[in-house]
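Tertiary structure, described
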Amino acid sequence: MKYDRIDSKLFINNRKNFMAQMKSSSLAVFNSNDIYPISADSTMPFQQHRDIFYLSGVDQEESILVLFPDCPKEKHREILFLKETNAHIAVWEGEKLTKEAAFKTSGVKTVYWLQDMEKIMFELMSQCDTVYINTNEHYRASVETETREDRYTKWLKEKYPAHSVAKSNPILQRLRSVKDQIELDLMQKACDITEKGFRRLLGFVKPGVWEYEIEAELMHEFLRNRSKGFAYTPIIAAGNNANVLHYVVNNQQCKAGDLILLDVGAEYANYSSDMTRTIPVSGKFSKRQKEVYNAVNRVKNEAQKMLVPGTIWADYHMEVGKIMTSELLGLKLLDKADVKNEDKDWPAYKKYFMHGTSHNIGLDTHDYGILTEPMQANMVFTVEPGIYIPEEGFGIRLEDDLVIQKKGEPFNLMGNIPIEAEEIEEIMNS
């Protein structure tokens, strides 16, 4: 892996917290992702299933983690199954985890080769009553592919139909949404790499550059700082392209007088950053562009103050909507009649700000978190208001990643990344 070794204390503690919430006489299983085929012998780059990574730190395909806190055999209370490595694999694919390396990475003492899994699982299943299966219940999930986890779950339920079944996901949703300090440090690293990429762009962008050239500059900076690259598909949207919320083709030329909306973020050690900035191609905002930009920035600054323990996500978004409505009135994009006659299910401000303001972020860019439950300290949320004006040929969004604190305002992991309009202009023209 490109990233530095993560302290195994993180994974030891994560497993301890998960097992503390399991039912008595129960067992939980977590699988790595597949390496997904493209066609012929081509494959997509491997991306580890975030849940097994969270609980073990193992970043390798064909791995299985089993947790059985009440197992009569102490050595079987935590087990890793790994694909057995050999000299041939080392030559063709590179180094894979040995049993010793797996222990150093995860803190799991008992490591077996995958070929022994069915035999050992038979013994374990005869000793437990309930099996926790790992399903994807994220509120944005829309999965058509049958995953390795799905296939394993199907096999397990068919082979052991008399066992009760429980769900790992509700436990993981709550655990993963509250970050350990080690995780926050990794996310800070991802944000710092994003900062380096953004500062690089401020000296690079000028009239005539292409969106994909900007993407290439970012990728260069991310890779040279030990990131695998983008945490998600980058949005580099010049001019009216910014009014397409998920514009990802990045194939247009940037023209003098245009703005570029950059929704980009580096990953580091599987942890995400998520930044949006909007910058002027020519290095200077027009008067109108700056008016709208500063309005978005004010909404962001007010919104992030509300990220405190106890806040309910839905209530928070309603309050942000009120702040945005005030700004849109000031910009004369709305008038009082628009607000008076608005549909309460789709308020007037939604014409210009149609998406949500915040989402959890962590191992996934849209990370785990149960949004109907109050916010807690050490949760990390984005704050990303925007105003989109197709008739004026531009859209503006600003976004930072913020850690909720026990007391006071949240800590901004992107606090060192330029955001004020004047600062961006100064750096672009220096």
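About the thresholds
- Residues numbered from 1 in each chain as written.
- Predicted model: local features only at pLDDT ≥ 70, side-chain atom pairs only at ≥ 80, totals over all residues.
- Heavy atoms only, no water.
- UniProt positions renumbered as here; feature names shortened; annotations may be inferred.
- Pairing = 2+ DSSP bridges.
- Helix = DSSP H or I, 4+ residues; strand = E, 2+ residues; numbered from the N terminus.
- Axes fitted to C-alpha atoms, helices over the stretch in contact; angles between N-to-C directions.
- Contact = heavy atoms within 4.5 Å.

The protein chain is annotated in an unreviewed UniProt entry as Xaa-Pro aminopeptidase of Gelidibacter gilvus. Here is the UniProt Catalytic activity (unreviewed entry) comment for the protein chain, exactly as written: "Release of any N-terminal amino acid, including proline, that is linked to proline, even from a dipeptide or tripeptide." UniProt, in its Cofactor (unreviewed entry) section for the protein chain, records the words "Mn(2+)".

A closer look at the sheet that holds strand β9 (residues 235-238)
The three strands lie next to each other as β9-β10-β13, forming an open sheet whose pairing is antiparallel. Edge strands, defined here as strands with exactly one partner in the open sheet, are β9 and β13 (275-280). Going across the sheet, the axis of each strand differs from the next one's by a mean of 10°, ignoring polarity. Inspection of the sheet shows strand β10 (residues 259-264) paired to β13 by six bridges, in the antiparallel sense. When the bridges of β13 are listed, Leu 261 appears paired with Thr 278.

What to know about the sheet that holds strand β14 (residues 380-383)
Read from one edge to the other, the open sheet built from three strands follows the order β14-β17-β18, with strand pairing classed as antiparallel. The open sheet has two free edges, formed respectively by β14 and β18 (411-412), since each of these has just one partner strand. Here helix α10 (residues 287-305) sits on the sheet and contacts β14, β17 (400-403) and β18; the angle it forms with β14, its principal contact strand, is near 155°.

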